[in-house]
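What follows is the residue order along each chain.
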Amino acid sequence: MSIAQTAAPDAAAAKSAGPQPRRTFAIISHPDAGKTTLTEHLLLLGGAIRLAGQVKARGDNRRARSDWMKIEQQRGISVTTAVMTFEYEDVTFNLLDTPGHEDFSEDTYRTLTAADSAVMVIDAAKGIESQTRKLFEVCRLRDIPIITFVNKFDREARDPFDLIEEVADQLALDTAPVMWPAGMGARFKGCFDLRSDEFVSYTENGSERVGHNAVADVLEDDEREELFENVELVREACPSFDLRAYREGHLTPVFFGSALRNFAVKELLDGVRNWAPPPRAQAATTRTVEPDESKVSGFVFKVQANMDPNHRDRVAFMRLCSGKFRRGMKLNQIGTGKTIGVHNPILFFAQNRELVEEAYPADIIGIPNHGVLRVGDTLTEGEDLQFTGIPNFAPEILQRVRLDDPMKLKHLRRALESLAEEGVTQVFRPMIGAQWIIGVVGQLQLEVLKERIAAEYGIDVGLEPAPFDTARWVYADNAADVKAFVDRNKGSMAEDRDGAPVFLAKGAWELNYAAEKFPDIRFEATRERTS
């Protein structure tokens, strides 16, 4: 089935016979802000599901459709990035549901390399939280425009003026409210649409729009007076929405609503449809690749193994950057010189998938493979270029892997290397000693690692603290300087999955001492993922 069936809203579009417009966006938030619930209601609007599950419900209803891993279903959190494609009106949407938990921020960072815009979800009672701030900074580094959705206004919340002021102050963003709430919690009656001058009334089943003159039918006199006073103040104090300022990352339109009650979700999706940028140009080592170029190119930003444990599958998620992709195409894997035939490209809805005959820039396709493709790989129709901006980050926690059954050592190596290529963990092979060392950003990653090794590979492992707490990649302008440093420090040296040298230090003092003693060596906290 093609994801590019032409929808022609008018005669001119019908003549063009081109693909539907694309909107590829990520959803970012702090844990428990309601991101997964919002995701499901967006999918509901797009017809991708018939019933949105409730993450905090019991039993099967607890299991959000975008959370397929067992630990996600048990805890009601997202720890992997789900890619979901759906259509709404005349637009094809590629939605990237990122992990909200800070322990998985590296996966989120890589995912944002594939997004053209983002929706930032904020808890109305808590405002800007730490993980929201971190993810916003990543978006800023990549000039990703953001639409803000202030969630949970059907519960007790902070004053909306305080919330938009906090966004403006802490994130240095102009805020342009698109809807303004009337009340909150038990007194929440809906939102006034500042664009249409209509009131969107809050009901148990969603919402209903009424004209300006009919607001008296749904609000008491004092509520109506307070709402209109606030609306006038907003119009005087806040900038109006400006498409250019939004797309340049200087301004964020703000929606207020409730994802759980499906209130203002449609208005939010309409905003993404109308305002989010089309496919953007992508930076490569030699030049910038424009989406309207004829030759196909793309990059792998995620690899996921065992989404279907029964088939031991391995799928690479590729963001298409240019050209019209057709099923069966042969693409060059830059860096290895291999030619890969893409015969079974797939679209995703969580675990569900379907074959795709053709795809266009900004689409996310899955390429089943047996370990050939890795995060950071570039695939092209011929040109030798490498897309940039997909790094590894230095881990904050280092642990040794203890294997009780030595007969499974080969299987453990395969499991660790596979999970490292997904970005679940980083794996280091010490130059002296046999025990593998794994590096993660947060403690929850260790729990996921152990569970997946046991569930997917049938290996029980133990983890124990390594005698190091800092890892840095070693670089120098002269290869001989690197070799001399490695030879002098083999007891503290390891190799990453690509064989690159890594210095393992017991602390900041040892790292600083090495930097002073070897001034020609650079100790880097990031390493670009390339083919």
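Just so we're clear, the structure is a prediction, and the values are computed from it rather than from any experiment. (Residues numbered from 1 in each chain as written. Predicted model: local features only at pLDDT ≥ 70, side-chain atom pairs only at ≥ 80, totals over all residues. Heavy atoms only, no water.)

K.L.:
I'd like a description of the pairing of strand β5 (residues 146-151), backed by residues and values.
P.N.:
When you tally the buried positions in β5, you get six out of six residues, the bulk of the element. The alternating pattern of β5 places I146, T148 and V150 and I147, F149 and N151 on opposite faces, both of which are buried. Here strand β4 (residues 117-123) pairs with β5 via six bridges, running parallel. Following the sheet pairing, D123 is matched in β5 by N151. Note that the unit made of β4, helix α5 (residues 130-141) and β5 has a crossover that is right-handed. (Buried < 20%, exposed > 50% of the residue type's maximum accessible area, 1.4 Å probe, protein only. Helix = DSSP H or I, 4+ residues; strand = E, 2+ residues; numbered from the N terminus. Pairing = 2+ DSSP bridges. Right-handed = clockwise from strand over helix to strand, strands pointing away.)

K.L.:
So, the packing of helix α2 (residues 35-45) against helix α9 (residues 265-275): which residues are in play, and what are the values?
P.N.:
Interaxial distance between α2 and α9 falls to 10 Å at its minimum, and their mutual angle equals 75°. With respect to each other, α2 and α9 are oriented roughly perpendicular. For the pair formed by α2 and α9, the contact residues are L38, H41, L42 and L45 on the first element and V265, K266, L268 and L269 on the second. Residues belonging to the contact of α2 with α9 are distributed by class as follows: six nonpolar, one polar and one charged. (Axes fitted to C-alpha atoms, helices over the stretch in contact; angles between N-to-C directions. Parallel < 35°, antiparallel > 145°, perpendicular 65-115°, else oblique. Contact = heavy atoms within 4.5 Å. Nonpolar A, V, L, I, M, F, W, Y, C, P; charged D, E, K, R; others polar.)

K.L.:
How would you sum up the pairing of strand β26 (residues 426-430)? Please name residues and give values.
P.N.:
Burial runs high along β26: four of the five residues are buried. Pairing analysis gives three bridges linking β26 to strand β27 (residues 437-440), with the strands arranged antiparallel. Bridged to V427 within β27 is I438. The hairpin turn running from β26 into β27, its antiparallel successor, is six residues long, and G433 in that turn takes a positive phi close to 110°. In this structure, β26 lies alongside strand β30 (residues 493-495), joined through two bridges in antiparallel fashion.

K.L.:
Pulling in residues and values, what's your account of the nonpolar core?
P.N.:
L38, V119 and F153 are the most contacted members of the largest nonpolar core, which has 57 residues in total. Beyond its immediate stretch of four places on either side in the chain, V119 contacts F25, A26, I27, I28, L38, I147, F149, L268 and V272. Counting 53 residues, the second largest nonpolar core, distinct from the first, contains I122, V303, F325 and L347. (Core = buried A, V, L, I, M, F, W, Y, C linked by side-chain atoms within 4.5 Å.)

K.L.:
Explain the side chain of D116 to me, using residue names and the numbers behind them.
P.N.:
Inspection of the secondary structure puts D116 in the loop between α4 (105-112) and β4. In this structure D116 comes out as buried when scored by relative accessible area, which is 0%. From its side chain, D116 meets the backbone nitrogen of R280 in a polar contact 3.5 Å long. Polar contacts involving the side chain of D116 include one to the side chain of R319, which spans 3.1 Å. The contacts of D116, once residues within four sequence positions are left out, are T24, I144, P145, P277, P278, P279, R280, Q282, R319 and A362. (Polar contact = N/O pair within 3.5 Å; in protein donor to acceptor, adjacent residues only side chain to side chain.)

K.L.:
I'd love a proper account of the sheet that holds strand β25 (residues 397-403), names of residues and values included.
P.N.:
Ordered in space as β28-β25-β27-β26-β30-β31-β29-β32, the eight strands form an open sheet in which the pairing is antiparallel. In the strand order of this sheet, the two ends are held by β28 (461-465) and β32 (522-524), each with one partner. Along the sheet, successive strands turn relative to each other by an average axial angle of 40°, direction set aside. Note: β30 against strand β31 (residues 501-505), three bridges, orientation antiparallel. In the strand pairing of β31, M493 is matched with F503.

K.L.:
If you had to explain a negative patch on the surface to someone new, which residues and values would you point to?
P.N.:
The grouping of E220, D222, E225, E226 and E229 at the surface amounts to a negative patch. By the secondary structure assignment, E226 is in helix α7 (residues 221-237). For E226, a relative accessible area of 43% translates into the label partly exposed. (Patch = residues over 30% accessible without salt bridge, like charges linked within 9 Å, V, L, I, M, F, W, Y side chains within 5 Å. Areas by Shrake-Rupley, 256 points an atom, 1.4 Å probe, with all protein chains shown as cover. Salt bridge = Lys/Arg side-chain N within 4 Å of Asp/Glu carboxyl O. Lys, Arg positive; Asp, Glu negative; His and termini not counted. Charge placed at Lys NZ, Arg CZ, Asp CG, Glu CD.)

K.L.:
Describe the pattern of salt bridges, with residues and values.
P.N.:
Taken as a whole and assessed by the stated rule, the structure comprises 33 salt bridges. When the shortest N-O distance is used, the salt bridge between D90 and R273 registers 2.9 Å. One end of the pair, D90, is in the loop between β2 (82-88) and β3 (91-97); the other, R273, is in helix α9, with 183 residues separating them in the sequence. As far as burial versus exposure is concerned, D90 and R273 are alike and both buried. Among the charged side chains, a salt-bridge network with shared partners connects D193, R195, E198, R209 and E267.

K.L.:
I'd love a proper account of unusual backbone geometry, names of residues and values included.
P.N.:
Backbone geometry follows two general trends: most residues other than glycine have a negative phi, and most peptide bonds adopt the trans configuration. Located in the positive-phi region is A172, a residue other than glycine, with phi close to 55°. The residue A172 is located in the loop between α6 (160-171) and β6 (174-177) in this model. On the basis of relative accessible area, A172 is assigned to the exposed category, the value being 53%. Phi angles above zero are rare outside glycine, and N262 is one such case at about 60°.

K.L.:
Help me get a handle on the side chain of D270, residues and values and all.
P.N.:
Relative to the elements of secondary structure, D270 occurs in helix α9. Residue class for D270 comes out buried when judged on its relative accessible area of 16%. Ignoring any residue separated from it by four or fewer positions in sequence, one finds D270 in contact with Y88 and E89.

K.L.:
Summarise the packing of aromatic side chains; cite the residues concerned and give the values.
P.N.:
The relation between two aromatic rings is expressed through the spacing of the ring centres and the mutual angle of the planes. A full pass over the atoms with the stated rule returns 21 aromatic pairs. Seen in terms of ring centroids, F86 and F93 are 5.2 Å apart; in terms of plane orientation they differ by 10°. Their pairing is stacked. Using a relative accessible area of 0% as the deciding quantity, one classes F93 as buried. Here the aromatic rings of Y202 and F263 are separated by 5.7 Å at their centres, their planes lie at 85°, and the arrangement is edge-to-face. Taken together, the residues span a long stretch of sequence, with Y202 in strand β9 (residues 198-203) and F263 in the loop between β11 (251-256) and α9 at a distance of 61 residues. Pair check on accessibility: Y202 and F263 agree, each one buried. Among the aromatic residues, ring-to-ring pairing joins F153, F161, W180, F188, Y202, F256 and F263 into one connected group. (Phe/Tyr/Trp six-rings, centres within 6.5 Å; stacked < 30°, edge-to-face > 60°.)

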